[in-house]
Amino acid sequence: MEPHDLEPYDLGAHEIGRRQALGLGALGALGVSLGSMLLAGDSGAVPRPTRQLLQRRLMPQMTSAPARPVSAPAPVTLWHKPARSIHDLRPDAPKNAVALTIDDGPHPEWTPRVLDLLAKYGVKATFCLIGEQVRDNYKVVQLMVEAGHEVANHTWHHPLNINRLSPKRVEAEIVRARQVIIEVTGTSPRLFRSPGGAWSPTIFKAVARHGMLPIDWDIDPRDWSRPGVSHVTRELLKGKAGDILLCHDGGGDRSQTLKSLKVVLPRLKSKGLEFITL
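Each value, and the rule that gives it
Residues numbered from 1 in each chain as written. Predicted model: local features only at pLDDT ≥ 70, side-chain atom pairs only at ≥ 80, totals over all residues. Heavy atoms only, no water. Helix = DSSP H or I, 4+ residues; strand = E, 2+ residues; numbered from the N terminus. Buried < 20%, exposed > 50% of the residue type's maximum accessible area, 1.4 Å probe, protein only. Contact = heavy atoms within 4.5 Å. Pairing = 2+ DSSP bridges. Phe/Tyr/Trp six-rings, centres within 6.5 Å; stacked < 30°, edge-to-face > 60°. Lys NZ or Arg CZ within 6 Å of the ring centre and 35° of its normal. Core = buried A, V, L, I, M, F, W, Y, C linked by side-chain atoms within 4.5 Å. Axes fitted to C-alpha atoms, helices over the stretch in contact; angles between N-to-C directions. Parallel < 35°, antiparallel > 145°, perpendicular 65-115°, else oblique. Left-handed = near helix turned anticlockwise from the far one by under 90°.

Peer 1: Mind laying out the overall build of the chain, listing which residues take part and the relevant values?
Peer 2: Counting its secondary structure elements, the chain contains 10 helices and 7 strands. Counting only residues that meet the buried cut, the chain has 56% of its 278 residues in that class. Taking the contacts inside the chain whose residues are at least 6 apart along the sequence as the reference set, 79% of them involve residues at least 24 apart.

Okay, here's the thing in structure tokens:
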């Protein structure tokens, strides 16, 4: 199915994920140092007129022909389970490699702060992006890509019940997110992470059909639930060579995640681990 063949649909509030309900898409006060990297006078969030213009440019992709050509993806081998370690995806990766993955953004306040921190410690990460967040915060995504980070597809709405959705709705969640990522970055994502780690044969088939590989994680500190900085830090420090670490920059107040990463990143590097993208 090509993007322009999709019909408009409404997933409904009951199919939106719990982290989205905690505040995905809420615009916070920015005032962060990465803002200085943006155009003069730009706060780091997308100005309302610009966002509206972008939405008008993007929305035709969601229901008809894309605003600019989006090539059909080349299908890849069908996987029946997601990758949970680096070497599942990259057998040739360094033996001391560790991967940091960051979900549910981009967020206009927390993602720039995370990007600043990653730059400080020379760490590259894989950001699993929600399509509607990409649309609303596209400049943050552009900075992300310019800094050398990887972008993965994390659906359009982040429905935690995606493994129970119809094939048509699974297809739409994946295609809409893919289209907006291509529109903003110029590159088709090669990785897909299912919301909440929910998988089904329908999802695996759609992911392969759209040229992506399914990824999960080894270590989940459940930072989205804000269990405390010490808990998040303790769990992430369990990371070892080959592990995929999971954190979040979207879904609400991510101050605990940020404080934890300030400790975790230099500590893991001091153990001889090398952060890589997937």
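Peer 1: Which residues make up unusual backbone geometry, and what values go with them?
Peer 2: Note the cis peptide between Gly 105 and Pro 106, where omega equals 5°. Positive phi outside glycine occurs at Arg 222, with the angle close to 55°. Checked against the element boundaries, Arg 222 lands in the loop between strand E5 (213–214) and helix H9 (229–236). A positive phi angle is found at Arg 226, which is not glycine, with a value near 55°. In this fold, Arg 226 is placed in the loop between E5 and H9.

Peer 1: For the pairing of strand E3 (residues 150–153), give the residues involved together with the corresponding values.
Peer 2: The alternating pattern of E3 places Glu 150 and Ala 152 and Val 151 and Asn 153 on opposite faces, both of which are buried. Sheet topology places strand E2 (residues 126–129) next to E3; 4 bridges connect them, and they run parallel. Bridging across to E3, Leu 129 finds its partner in Asn 153.

Peer 1: Which residues make up the packing of aromatic side chains, and what values go with them?
Peer 2: According to the stated counting rule, one finds 2 aromatic pairs in the structure shown. On the numbers, 6.0 Å between centres and 75° between planes, the contact of Phe 192 with Trp 199 is edge-to-face. The interplanar angle of 5° and the centroid separation of 5.0 Å between the aromatic rings of Trp 199 and Phe 204 together place this pair among those described as stacked. Take Phe 204: its relative accessible area is 8%, and that puts it in the buried class. Following the ring pairs from residue to residue traces out a cluster consisting of Phe 192, Trp 199 and Phe 204. Sitting over the ring of Trp 110, Arg 113 keeps its end group 4.8 Å from the ring centre.

Peer 1: How would you explain the nonpolar core if you had to name every residue and give the values?
Peer 2: Looking at soluble globular proteins, one finds that nonpolar side chains tend to be buried together. Leu 100, Leu 118, Phe 127, Leu 236, Leu 245, Leu 265 and Phe 275 are the most contacted members of the largest nonpolar core, which has 35 residues in total. Contributing elements (two or more residues each) for this core: strand E1 (97–105), helix H4 (110–121), E2, helix H6 (138–146), helix H7 (167–185), H9, strand E6 (244–248) and helix H10 (255–270). Apart from the residues within four sequence positions on either side, Leu 236 is in contact with Ile 219, Pro 221, Leu 245, Leu 246, Cys 247, Ser 260, Leu 261, Val 264 and Leu 268. Grouped together as the second largest cluster of nonpolar side chains are 16 residues, Ile 86, Cys 128, Leu 191 and Leu 246 included.

Peer 1: Quick one: what's the story with the packing of H4 against H10, residue by residue and with numbers?
Peer 2: Between H4 and H10, the least distance of the axes is 10 Å, while the angle of their chain directions is 15°. As the angle between them shows, H4 and H10 are arranged roughly parallel. In this structure, the crossing between H4 and H10 has a hand that is right-handed. Within the contact between the two elements, H4 uses Trp 110, Arg 113, Val 114, Leu 117, Leu 118 and Tyr 121 and H10 uses Ser 255, Leu 258, Leu 261, Lys 262, Leu 265, Pro 266 and Lys 269.

Geometric descriptors of this kind do not, in isolation, establish any biological role.
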